Amino acid sequence: MLTQPGSRKPDYGIDAPGVVRALMLGGLLLGGVALWLLIALHLIWLAIWCIVGACVCLGEALAMLWTSRVGKLWEIRRMLDCLVLCGDEEVLDVGCGRGMLLIEAARRLGSGHATGIDVWSARDQSGNSPLATQENARLAGVAERISVITADARQLPFPSERFDVVVSCLALHNIHGREERRRALREMLRVLKPGGKMAVLDFAHVKEYARDLQALDAGQLVLGRPSWRVFPPLRMLLVRKLPASGEGEAAATASEAQGDTLA
């Protein structure tokens, strides 16, 4: 029997499952060592240090699990609020994974459409595949408003100035090397329409993204402060692309703020 949309919730998997697994195993191992030191060798202080290490590892693992399931969704919704979508936009999600950001964007679209691209690495997200993303979109009731494509962020298969909005969440840091990440940002800017909006949510290299986009004369940039509601803390970068030369826009500027919008 086919599952009806709404009878099950989308499953977005776990981010960095290998890291979470290693932290949990490390915590359990340190806990076992602490018991051995305490019971067999009576080394109380050394056992206490092992217990502290175990608590840190297990705490970080639980925090990452909570972020994958709950906290990241909070930050994604806040980012979309800052973009102030009208509902008729063409949206591109770079590194869409199992579709949390892609689907949340599609929920806010009426006549618009959301496209997600990814290379589907299971190391970066558990169970990552285009079929999982499409199934999540079906369960969320937005399957007709999304499409997914296998593509590399550094070589987007779209014509220039194709999208009104380009977004990315916890994806660009997986690209190794600053020059390669700069290539991805250049491609994201290329496919964005003049006057269009870009938003990036990540825990690493976000200041670097801002500097590189400034060097590309991207337009107005707003760099948010780290959000400590999630682990690792995420930072948001908002961009409005400069219109074509001669349309009266100022040169690229950058500011650091919390909760600003690009309306």
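In what follows, the accompanying structure is described. All values derive from a computational prediction rather than experimental measurement.

Regarding its fold elements, the chain presents six helices and eight strands. Secondary structure elements in the chain, listed N-terminal to C-terminal, are α-α-β-α-β-α-β-β-α-β-α-β-β-β. Each of the 263 residues in the chain was classed as buried or not, and the buried ones make up 46%. On the chain, roughly 12700 Å² of surface is accessible, and the fraction owed to carbon and sulfur atoms is 61%.

Below, the discussion takes up the pairing of strand β3 (residues 146-150). Judged from the five bridges that link them, strand β2 (residues 113-118) and β3 form a sheet pairing that is parallel. What sits directly across from G116, in β3, is V148.

Our next topic: helix α2 (residues 44-83). When the terminal C-alpha atoms of α2 are compared, their 54 Å separation across 40 residues agrees well with the 58 Å that a helix rising 1.5 Å per residue should span. Where α2 bends most, at T67, the angle is about 55°. Of the residues trailing α2, V84 is marked for its positive phi of about 50°.

On to the pairing of strand β5 (residues 192-202). Along β5, eight of the eleven residues are buried, which leaves the element largely enclosed by surrounding structure. In this sheet, β5 lies alongside strand β4 (residues 163-169) in parallel orientation, the contact comprising six bridges. Across the sheet, the residue bridging to C169 is L201, located in β5. The parallel pair β4 and β5 is bridged by helix α5 (residues 178-190), and the resulting crossover is right-handed. Across six bridges, the pairing between β5 and strand β7 (residues 235-241) is antiparallel. The residue of β7 that forms the bridge with D202 is R235.

Turning next to the side chain of N136. Structurally, N136 is set in helix α4 (residues 130-140). Side-chain polar atoms of N136 contact the backbone oxygen of D11, separated by 2.8 Å. Engagement of the side chain of N136 in a polar contact is seen with the backbone oxygen of R98, the distance being 3.0 Å. Those residues in contact with N136, other than ones at most four positions away along the chain, are P10, D11, Y12, R98 and I103.

Moving on to the pattern of salt bridges. Oppositely charged side chains can pair when the atoms bearing their charge come close. The final tally for this structure, using the stated rule, is 22 salt bridges. R77 is the partner of E104 in a salt bridge, and the nearest nitrogen-oxygen pair spans 3.2 Å. Of this pair, E104 sits in helix α3 (residues 100-107) while R77 sits in helix α2; the two residues are 27 residues apart in sequence, bridging distant segments of the chain. Of the residues examined, R77 reaches a relative accessible area of 36% and is grouped as partly exposed. The network of salt bridges with common partners includes D152, R154, E180 and R183.

Conventions used here
- Residues numbered from 1 in each chain as written.
- Predicted model: local features only at pLDDT ≥ 70, side-chain atom pairs only at ≥ 80, totals over all residues.
- Heavy atoms only, no water.
- Helix = DSSP H or I, 4+ residues; strand = E, 2+ residues; numbered from the N terminus.
- Buried < 20%, exposed > 50% of the residue type's maximum accessible area, 1.4 Å probe, protein only.
- Areas by Shrake-Rupley, 256 points an atom, 1.4 Å probe, with all protein chains shown as cover.
- Pairing = 2+ DSSP bridges.
- Expected span 1.5 Å × (residues − 1).
- Bend = angle between axes of the 7 residues up to and from the residue.
- Right-handed = clockwise from strand over helix to strand, strands pointing away.
- Polar contact = N/O pair within 3.5 Å; in protein donor to acceptor, adjacent residues only side chain to side chain.
- Contact = heavy atoms within 4.5 Å.
- Salt bridge = Lys/Arg side-chain N within 4 Å of Asp/Glu carboxyl O.

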